[in-house]
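Secondary and tertiary structure notes
For reference, the chains in residue letters:
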Amino acid sequence: MRPLVLLWAAALAGCALQPVGGPPVALRAAAELASFQLEGRLQVRDGERQAVAGLSWLHGPEGDEWLLTGPLGQGLARIDAQPGRARMTLADGRRLEASGAAELAEAALGVAAPFAEMPLWATARIRPGAEVREVDSAGRPRRVVDRGWTIEYTEYVGEGPDDLPRKIDVHRGDTRLRLIVDAWSP
């Protein structure tokens, strides 16, 4: 009987040595993603207003380039942003300037949404202070609450712990944003 007690105690001690409370490996790996390119579709709704656009997005340390297209692929707007400055060129040639890409995306789509947070949320990076409410079997975030927004990662591009999100739903109150990524080039 004594060897069984020792085996049981050793098993409990082994469990106690497992790291607890640290972010899953997938969260750490995603946090290192400073540059990426994606092709996808963006749907936003704020109360009764809504917009749907194709999205080609290049994100890097130097800034962002967004190309928003209509349902038939025609260009709606191009946004070029560097820290502290952004410029949008509309399909008719008009240009608008703002301090960031998020303001211009709101102007182009006519819907107020959390565009400034999208570089973090699109890659499933978790900001300090955000609450990870649910993870999937690979340790990747499934549901996160960040600054009052609920971010739901409904699908990833694969089963691996480092795979990026394919479908993301973001909502707070009447505002909803859905990003569907067709292709990643991290």
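Residues numbered from 1 in each chain as written. Predicted model: local features only at pLDDT ≥ 70, side-chain atom pairs only at ≥ 80, totals over all residues. Heavy atoms only, no water.

**Quick look at the pattern of salt bridges**
Inspection of the entire model under this criterion finds 18 salt bridges. Linking Arg 87 and Glu 97 is a salt bridge whose minimum nitrogen-to-oxygen distance equals 3.3 Å. One end of the pair, Arg 87, is in strand E5 (residues 85–90); the other, Glu 97, is in strand E6 (residues 95–98), with 10 residues separating them in the sequence. Judged by relative accessible area, Arg 87 falls into the partly exposed class, the value being 32%. A salt bridge links Glu 117 to Arg 147, with the shortest nitrogen-to-oxygen separation between them at 3.7 Å. Pair noted here: Glu 117 is in the loop between helix H3 (101–109) and helix H4 (118–122) and Arg 147 is in the loop between strand E8 (141–146) and strand E9 (149–156), with a separation of 30 residues, a long-range link. Within the structure, one salt-bridge network assembled from shared partners comprises Arg 41, Glu 155, Arg 166, Lys 167 and Asp 182. (Salt bridge = Lys/Arg side-chain N within 4 Å of Asp/Glu carboxyl O. Helix = DSSP H or I, 4+ residues; strand = E, 2+ residues; numbered from the N terminus. Buried < 20%, exposed > 50% of the residue type's maximum accessible area, 1.4 Å probe, protein only.)

**So, the nonpolar core**
The biggest cluster of nonpolar side chains holds 44 residues, and the ones touching the most others in it are Val 44, Phe 115 and Leu 179. By residue number, the principal contributor to this core is H3, which donates 5 residues. Among residues more than four places away in sequence, those in contact with Phe 115 are Leu 42, Val 44, Trp 66, Ala 102, Ala 105, Glu 106, Leu 109 and Leu 177. (Core = buried A, V, L, I, M, F, W, Y, C linked by side-chain atoms within 4.5 Å. Contact = heavy atoms within 4.5 Å.)

**Focus: the confidence of the model for the protein**
Chain-level statistics for the protein give a pLDDT mean of 84 and a share of 82% at 70 or above. The weakest mean pLDDT in the protein belongs to helix H1 (residues 2–16) at 34; the strongest belongs to E9 at 98. Here residues 1–23 is modelled with pLDDT under 50, and outside its nearest four sequence neighbours on either side it reaches 2 contacts, counting other chains as well. (pLDDT = per-residue confidence, 0-100.)

**Notes on the side chain of His 59**
Residue position: His 59 is located in strand E2 (residues 49–60). The class of His 59 is buried, set by a relative accessible area of 13%. A distance of 2.5 Å separates a polar atom in the side chain of His 59 from a polar atom in the side chain of Asp 64. Contacts of His 59, omitting those with residues within four sequence positions, involve Ala 34, Ser 35, Phe 36, Asp 64, Pro 119 and Arg 125. (Polar contact = N/O pair within 3.5 Å; in protein donor to acceptor, adjacent residues only side chain to side chain.)

**Quick notes on the sheet that holds E6**
With antiparallel pairing, 11 strands are arranged side by side in an open sheet as E6-E5-E4-E3-E2-E1-E11-E10-E9-E8-E7. Because the sheet does not close on itself, it has two edges, and the strands there are E6 and strand E7 (131–135). Sheet twist, expressed as the mean angle between neighbouring strand axes with direction ignored, is 20 degrees. Pairing analysis gives 4 bridges linking E5 to E6, with the strands arranged antiparallel. By the bridge assignment for E6, Arg 87 is matched with Glu 97. Packing of H3 onto the sheet brings it into contact with strand E1 (36–46), E2, strand E3 (63–69), strand E4 (75–82), E5 and E6, and relative to E5 it is tilted by some 25 degrees. (Pairing = 2+ DSSP bridges. Axes fitted to C-alpha atoms, helices over the stretch in contact; angles between N-to-C directions.)

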